[in-house]
Every structure is written in structure tokens, then in C-alpha cells.
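# Examination of the molecular architecture
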Amino acid sequence: MKLFSNESVNLSVLKERAYNMRWAEVPEGVIPLTAADSDFPIAPEIIEAICDYAKTGYFSYTPKLGFPEFRRSISNALKLRKNEDVPENLILPIDSAARAMSIIAKAFLEPGDEAIVFDPVDFLFKTSMEAAGAKIVLFPMKIKDGRIDFSDLEKYITPKTKMLGLCNPHNPLGMVYPLEDLEYLAELSNKYGFYIMNDEIWSDIVYSDAKFNSIVSLGAEKNQRTLSVYGFSKSFGIAGLRSGCIYCQNPALFEKIVEASEVLSTIGGISSLSQVAGMACLDKCYYWVDEFTAQMQRNRDYALERIGKMPLITCRKPAATFVLFPDVSATGMEPEKLTEFLLEKHKVAIVPGGESFFGPGSAGHIRICLATSHAILKEGLDRIERGLHEIAESKR
Ligand SMILES: Cc1ncc(COP(=O)(O)O)c(C=O)c1O
């Protein structure tokens, strides 16, 4: 059986195990194209590694800063895949990218600080920085000729600015950043002395017609205040194992991260199995990620072609991530109302744009997850199409 065929999706297991707005949480008969989590089973090498470790019968305490072999695997993968030079002693494995963001915010932000968050972007930037006491300053994203317009970013920087959130690639817009934009952000960080929370969880899901550049590849000198996040949920489909890491190129910052993570007191930390799985991902499964990404590219192209023929919806082509972020403002409905209508009437669940998930700049949009089989995606899009036709008819 091919890795990403229609038959490889096991719906009966997903209905028991896939939470977070997915199969286990939607009513029977509904197709969830919601949270960015894959419907495909993970690579066999990860399963084998977990089983081999489990069979020994020992689950002792692990090294506080993570398995040295895991930290080495991360360092190697960052260099080989993304041209990021990060020594293994500046990498902290941790239980998920979400936790990594929360630790970075806690380590470097204090009440009264300001943090710049792009609008729109994944809600975790706002929630992690707010939880650390910072005041969020939204930077409204304007797209000019397919690029983010940073020309007035400096207007949002004040003496209180302590951090800027960089989602690269960008969820939900699916954009990658040219190196010169990253150079500019690094320059601002050094000029004004703010930290960059650089989230690269999507950096493996980049389509063949685009190129991923990492700010970290610019070198340690330019990244004195950059704290990076990686996670295994998107590329390798192991969201439930809660595996991720924080890394940087500045030893003084790393010390603060370790302190804030509470791994030294064993309050915080990542489980042994999650590290074993993470190691198998990086050492053995990039062939799988590349095939998965190719399948996501086919899904992207198919979905864009379908959406192009639907009424009241338009969509920019993403360069990365397995989500689409179409504009549905022509329906005249608030995204929550539209998603409610599609769920109730047409049995397809999607994520609404708007304040709660992606910020006010995402109003008028919905997010569609593509990480499923062609057959399920087709059925989901058929349902969205029927719903949009119904709305278009009612407007006549
Ligand atoms: C940009 C971004 N960062 C972080 C996360 C959280 O990932 P994890 O499952 O590792 O906590 C997500 C999940 O959707 C995401 O899109």
C-alpha cells in the first residue's frame, strides 16, 4: 500500500484518538478539515523505535537536558536540512512547540513589556506572551507582490518592546520569508534589543515551488537575541507525543531558557518515549516527510483548482504548511456563522478566522487543513462547495 493512499487513512482509529477539533470531537458523519494534524499513520520507523524502547521494560528518569543522542540528531537535522548551525549543547528538547513558546515568553518577558505579534498568526504567539504578562502590539500584515510589507514595522517598536514573534513558515498564510526580510528582522532585533521568538515548526512542509530560509542560518552574530522553536507535530504526525525543542546560538540565553523550563527540578521536561520517537523522525524519516509534503502539494493544487471554481471564495496559493486560508468575505457572513452553517447543514468542519484563532486581521477568512487523503479532501470540498452555492443562491 502506498504511504498516502486513500486506504491508508484509518477512520475507525481516528474517531477514537484524534482530538482537538478533529475526528473524535465532531459528530458522526462530519468531515473535520480543522486542526493542523495529519490523518495518515506515522512512518513505520518511528513505531519500531518506540516498540524497541518499550520492550526493554525500563522507563527510568532521563537526562535533565534531554538524551544527548537526541540533541545531536536535532543539531544534525538543523544543519543538513535548514543550514542552521546550532551546537547540541544549545538545544533543549521539551514537551511540544507550544510549551517551547510558553517557556521562551516566560524566560524573557515581564509585566509591562510589549511584544509584537503579526496579525494574523497562530494564536499561540499571543497567548504565550500574554501569559508572561506582556502587552501585545499587533503588527497588521500587508501583503505586497506576494511578500510581507515590513516598511512600517519600526512604527510598532517602542522602548518597551521586548519580543517579536516570527512564524516561519507562516501559519495560516503559508508564506516563507526571503533572506533579506529575515536579515532586516535580525537587524532590528539587534538595533532595538528585543528578542525574536522564531517558530519553525512548519519548516519541513515547504512546497517544491518555494524555498525555506531560516533566520538562524544568518549566523550567531546576527541572532544574539533569537530563540527558536521546533516541533514534531506537523512534519511527522506525532502531536500526541508532545515532542519539540528550543534552541539558540547564544549560551547566555540558553541558560535562562533552561531555568525557565523547570527541567532541572524535574517539574518540566519531555518523556523518554517522545525523545525516542523524535530521534527516529530526524535520523530515519525525512524520506517520509518528503513524500508527505509531495502529497500535500498535490492536495494544495487540487483544492486551489476546486476553490477557484466555487462562488464567494478566493484563495492565495501557500508556499508552505498544509493549510489554506481562503477569503470568504464575499459571503457577507462572519466566519463563525459560516463555519457553523457548513457544520450543521453540510457536515464539514473548518476553522473560522477572527480574533480567537488568528487575530482580528483574519476576519473574513476560514482555514482549511489539507492533511488527509485525496478522497476525504474531495468530499470535504464538495460539501463546502454545496454550502457556498446555497449561500450564493440565497443572495440572488
Ligand atoms: C505555528 C505553530 N506553532 C506551534 C504549534 C504547536 O505545536 P505543538 O503541537 O508541537 O505544540 C502549532 C500547531 O498548530 C503551530 O501552527
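It should be noted that the structure appears before, not after, this text.
Procedures and definitions
Residues numbered from 1 in each chain as written. Predicted model: local features only at pLDDT ≥ 70, side-chain atom pairs only at ≥ 80, totals over all residues. Helix = DSSP H or I, 4+ residues; strand = E, 2+ residues; numbered from the N terminus. Rg over C-alpha atoms; globule rule 2.2 N^0.38 Å. Contact = placed C-beta atoms within 7 Å. Buried ≥ 20, exposed ≤ 12 C-beta atoms within 10 Å, placed from the backbone. Pairing = 2+ DSSP bridges. Axes fitted to C-alpha atoms, helices over the stretch in contact; angles between N-to-C directions. Parallel < 35°, antiparallel > 145°, perpendicular 65-115°, else oblique. Left-handed = near helix turned anticlockwise from the far one by under 90°. Nonpolar A, V, L, I, M, F, W, Y, C, P; charged D, E, K, R; others polar. Near = placed C-beta within 6 Å. Expected span 1.5 Å × (residues − 1).

### Describing the overall build of the protein
Counting secondary structure elements, the protein contains 13 helices and 14 strands. For a compact globule of 396 residues, the expected C-alpha radius of gyration is about 21 Å, and the protein comes in at 21 Å, within 12% of that figure. Its C-alpha atoms give the protein principal-axis dimensions of roughly 65 × 55 × 35 Å. Taking all contacts inside the protein whose residues are at least 6 apart in sequence as the whole, residues at least 24 apart take part in 73%.

### A closer look at the pairing of strand E14 (residues 366-369)
Looking down a regular strand, the side chains alternate between one sheet face and the other. Going residue by residue along E14, you find Ile366 and Ile368 tucked away on one face and Arg367 and Cys369 tucked away on the opposite face as well. Direction of pairing for strand E11 (residues 323-324) relative to E14: antiparallel, over a ladder of 2 bridges. Pairing of Leu324 across the sheet is with Ile368, part of E14. Two elements, strand E13 (residues 351-352) and E14, share 2 bridges in a ladder whose sense is antiparallel. Note on E14: the bridge partner recorded for Pro352 is Ile366.

### Regarding the packing of helix H4 (residues 97-108) against helix H5 (residues 123-131)
Look at H4 against H5: their axes get within 8 Å of each other, and the N-to-C directions meet at 40 degrees. When the interaxial angle is binned, H4 and H5 end up oblique. Crossing handedness for the pair H4 and H5: right-handed. Contacts between H4 and H5 pair Ala98, Met101, Ser102 and Ala105 from the former with Leu124, Ser128, Met129 and Ala131 from the latter. Looking at the contact of H4 with H5, its residues break down into 6 nonpolar, 2 polar and no charged.

### A closer look at the environment of Phe254
The topology assignment puts Phe254 in helix H8 (residues 251-261). Once the C-alpha coordinates of Phe254 and Ala107 are considered, the two residues, 147 residues apart in sequence, prove to be 9.9 Å apart. Beyond its immediate sequence surroundings of up to four residues, Phe254 is in contact with Leu90 and Cys248.

### Remarks on the sheet that holds strand E9 (residues 226-231)
With respect to topology, 7 strands assemble into an open sheet ordered E2-E10-E9-E8-E7-E3-E4, the strand pairing being mixed. The sheet is open, and its two borders are formed by strand E2 (91-94) and strand E4 (135-140), each paired with just one other strand. In this sheet, neighbouring strand axes are inclined to one another by 20 degrees on average, regardless of whether the strands run parallel or antiparallel. Relative to strand E8 (residues 195-199), strand E7 (residues 161-167) runs parallel, the two being bridged by 5 bridges.

### A word on the site of the ligand
Ser96, Ala97, Ala98, Gly231 and Ser233 are the nearest of the 14 residues found near the ligand. Within the shell around the ligand, the residues separate by chemical class into 7 nonpolar, 5 polar and 2 charged.

### A word on helix H10 (residues 286-308)
Under the 1.5 Å per step criterion, the end-to-end length of H10 is 32 Å for 23 residues, consistent within 8% with the ideal 33 Å. Those residues of H10 not exposed but buried are Trp288, Phe292, Gln295, Met296, Asn299, Arg300 and Ala303. Contacts made by the buried residues of H10 are with E11, E14 and helix H13 (374-395).

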